[in-house]
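The chain contents come next:
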Amino acid sequence: MTITGSDEMSTHAGASANPEPATGAPHKLVTIRDVGHDYPTRDGHRTVLDKVSFDVNPGEFICIVGPSGVGKTTILRCIAGLQPSTRGEVKVNGRVLTGPSSDVGLVFQDYSRSLMPWMSVTDNVALPLRKRLTRVERERRVTAALREVGLDQHTESKPWQLSGGMQQRVAIARALAFGAPLLLMDEPFASVDAQTRAELEDLSLRVREDSGQAVILITHDIDESIYLADRIIVLGGSPASVIAELTVPLGSNRDQINTKSLPEFAELRKTVHTLIQEASRSMGQKGGSK
Ligand SMILES: Nc1ncnc2c1ncn2[C@@H]1O[C@H](COP(=O)(O)OP(=O)(O)O)[C@@H](O)[C@H]1O
Ligand SMILES: [Mg+2]
């Protein structure tokens, strides 16, 4: 596992068990079944998630949306193997997750806390690959990842010499070089300006296209979820579960102006907005996702 943009730094660890027996069923990269999560409180516990179930196909782009505080980060941490779910099961590549897995890469919102300020861009990207690959293979992967994110002219810069958007590109390159079949991103573009955000969205789509990685991305931005996703998972309720799964019929060639002008886009925006508004109301909140 590589964790990018979070205060929890670890390299990878193979911690999976119980490979699934071969069957004739189509291969699912991730299966999430009846996942529940409780946080301890002073007088017992609080159930945040209950019976969350959905699947992710190889190469699929999933966006998770839902009101603020509903449990989006919690489910992502369970899928990452960073915190064991209280109930239910997460399988990645047919194996039950029992901890961080080399099948999963992570990009979090706060890039400034994930990149090592004293290390060059190249060394930051190579960090989770240390001790894992030969030097030649490591260099090949790092060079390719930095080229993919357009940072091949900045390999020797330190993160603090780069803009916020460029630093998040370093984080994406790190996850890309790690080469896990599943990439998890928690509000990865929430800290950058609108123009940079649009560029990073397009970069994410291109990376998914080129690498074939599946992505689960959390966002509070409804337009972003529709623009990026093949499928949108809406979380709602308290405790939260999946209240809707929406297929996004916008094809694979998306662009910021034309795709967002399509009637299907506007229709989905209305649907997702209504779902989140209802979910926010039922949580007794004024706010929620935009
Ligand atoms: N470590 C924790 N201990 C106790 N409660 C937590 C913890 N992390 C999150 N929560 C609570 O669980 C709920 C869901 O949090 P989170 O998954 O971060 O929501 P989201 O990402 O959708 O905003 C919130 O009410 C939050 O306050
Ligand atoms: Mg969150």
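Here the residue numbering is sequential within each chain, running from 1 through the sequence in written order. All chains are assigned letters beginning with A, and all ligands numbers beginning with 1, in the order in which they are written. Whole-chain, interface and lining totals are the exception, using all residues; otherwise, since this is a predicted model, local features are given only for residues with pLDDT of at least 70 and side-chain atom pairs are given and counted only at 80 or more. In computing side-chain properties, one takes all heavy atoms of the structure into account and sets aside hydrogens as well as water.

Colleague: Any details on the overall build of the chain? Residues and values, ideally.
Modeller: Counting its regular elements, the chain contains 7 helices and 12 strands. Partitioning the contacts of the chain with sequence separation of at least 6, the portion at a separation of at least 24 is 72%. Only the protein chains shown count as cover for residues, and the accessible areas themselves come from Shrake-Rupley with a 1.4 Å probe. For the chain, the exposed surface amounts to about 13100 Å²; the carbon and sulfur share of it is 49%. Comment: elements are numbered from the N terminus, with helices defined as DSSP H or I runs of at least four residues and strands as E runs of at least two. Note on contacts: a residue pair is in contact if any heavy atoms of the two residues lie within 4.5 Å.

Colleague: An account of the nonpolar core is needed here, citing residue identities and associated values.
Modeller: With 52 residues, the main nonpolar core has I172, M185, L217, I226, I232 and V234 as its most contacted residues. If you tally residues by element for this core, the top one is helix α4 (residues 164–178), at 9 residues. Once you skip the residues sitting within four places of it in the chain, M185 turns out to touch L76, V107, I172, S204, V215, I216, L217 and I218. We call a set of buried Ala, Val, Leu, Ile, Met, Phe, Trp, Tyr and Cys residues a nonpolar core when their side-chain atoms join them within 4.5 Å. When a residue's accessible area, from a 1.4 Å probe over protein chains only, is under 20% of the maximum for its type it is buried; when over 50% it is exposed; and in between it is partly exposed. Counting 31 residues, the second-largest nonpolar core is a separate cluster that includes V70, I75, L184 and A240.

Colleague: Account for helix α1 (residues 72–80), with residues named and values stated.
Modeller: With 8 of its 9 residues buried, α1 lies for the most part within the structure. Considered for burial, the residues of α1 that qualify are K72, T74, I75, L76, R77, C78, I79 and A80. At the exit of α1 stands G81, carrying a positive phi of roughly 75°.

Colleague: Hey, could you go over α4 for me, with residue numbers and the actual values?
Modeller: The terminal C-alpha atoms of α4, which comprises 15 residues, lie 21 Å apart, in line with the 21 Å expected from a rise of 1.5 Å per residue. Of all the 15 residues making up α4, 13 are buried; the element is thus mostly covered by neighbouring parts of the structure. Among the residues trailing α4, G179 stands out with phi positive, at a value near 75°. Take the number of residues in a helix, subtract one, and multiply by 1.5 Å to get its expected span.

Colleague: Lay out the site of ligand 1 with the relevant residues and their values.
Modeller: Around ligand 1 sit Y39, R46, V48, P67, S68, G69, V70, G71, K72, T73 and T74, and that is every residue in its neighbourhood. Under the rule applied, a polar contact is a pair of N or O atoms within 3.5 Å (in protein, one hydrogen donor and one hydrogen acceptor; residues adjacent in sequence only if both atoms are side-chain atoms). Contacts to ligand 1 include K72, whose backbone N or O atom sits 2.9 Å from an oxygen atom. T73 has a polar side-chain atom sitting 2.9 Å from an oxygen atom of ligand 1. Its free accessible area being 560 Å², ligand 1 has 59% of it covered by the protein chains. Only β4 (44–56) and α1 provide two or more residues apiece to the shell around ligand 1. The element that contributes the greatest number of residues to the shell around ligand 1 is α1, accounting for 3 residues. Proximity is defined per residue: if any heavy atom of the residue lies within 4 Å of a molecule or strand, that residue is considered near it.

Colleague: Could you give me a rundown of unusual backbone geometry, with the residues and numbers involved?
Modeller: The peptide bond linking S238 to P239 adopts the cis configuration, its omega dihedral lying at 5°. Here P239 shows up in the loop between β11 (231–236) and β12 (241–247). Its identity as a non-glycine residue notwithstanding, D34 has a phi of 50°, on the positive side. Its place among the elements puts D34 in strand β3 (residues 30–41). The exposure class of D34 is partly exposed, given its relative accessible area of 41%.

Colleague: Tell me about the packing of aromatic side chains, residues and numbers included.
Modeller: Stacked, edge-to-face and tilted are the three classes for Phe, Tyr and Trp ring pairs, Trp counted by its six-membered ring, which pair at centre distances within 6.5 Å; planes under 30 degrees apart are stacked, over 60 edge-to-face, the rest tilted. Summed over all chains, the structure comprises 0 aromatic pairs. The positively charged end of K260 is found above the aromatic ring belonging to Y227, 4.9 Å away from the centroid. Geometrically, a charge over a ring is one whose NZ (Lys) or CZ (Arg) sits within 6 Å of the ring centre while staying within 35 degrees of the ring normal.

Colleague: Tell me about the environment of E148, and name the residues and values.
Modeller: By secondary structure assignment, the location of E148 is in helix α3 (residues 135–148). As a C-alpha pair, E148 and L203 span 55 residues in sequence and 8.6 Å in three-dimensional space. Once you skip the residues sitting within four places of it in the chain, E148 turns out to touch L176, L203, R206, V207 and D210.

Colleague: Describe in detail the pairing of strand β8 (residues 104–108), supporting the description with residues and values.
Modeller: Counting buried residues along β8, 5 of its 5 residues qualify, which places the element largely inside the surrounding structure. Here β8 shows no split at all, with V104, L106 and F108 on one side and G105 and V107 on the other all buried. Note: two strands are recorded as paired if DSSP finds a minimum of 2 bridges between them. When β8 meets strand β9 (residues 182–186), the two strands line up parallel, connected through 5 bridges. Considered in β9, the bridge of F108 is made with D186.

Colleague: Account for the confidence of the model for the chain, naming residues and giving values.
Modeller: Looking at the chain as a whole, its pLDDT mean stands at 88, while 89% of the residues score no less than 70. The predictor reports its confidence for every residue as pLDDT, a score running from 0 up to 100. Under a pLDDT of 50 for its full length, residues 1–20 has, in the predicted model, 76 contacts with residues more than four places off or in other chains. A low-confidence stretch, residues 286–290 stays under pLDDT 50, and its non-local contacts, those more than four residues away or across chains, total 13 contacts.

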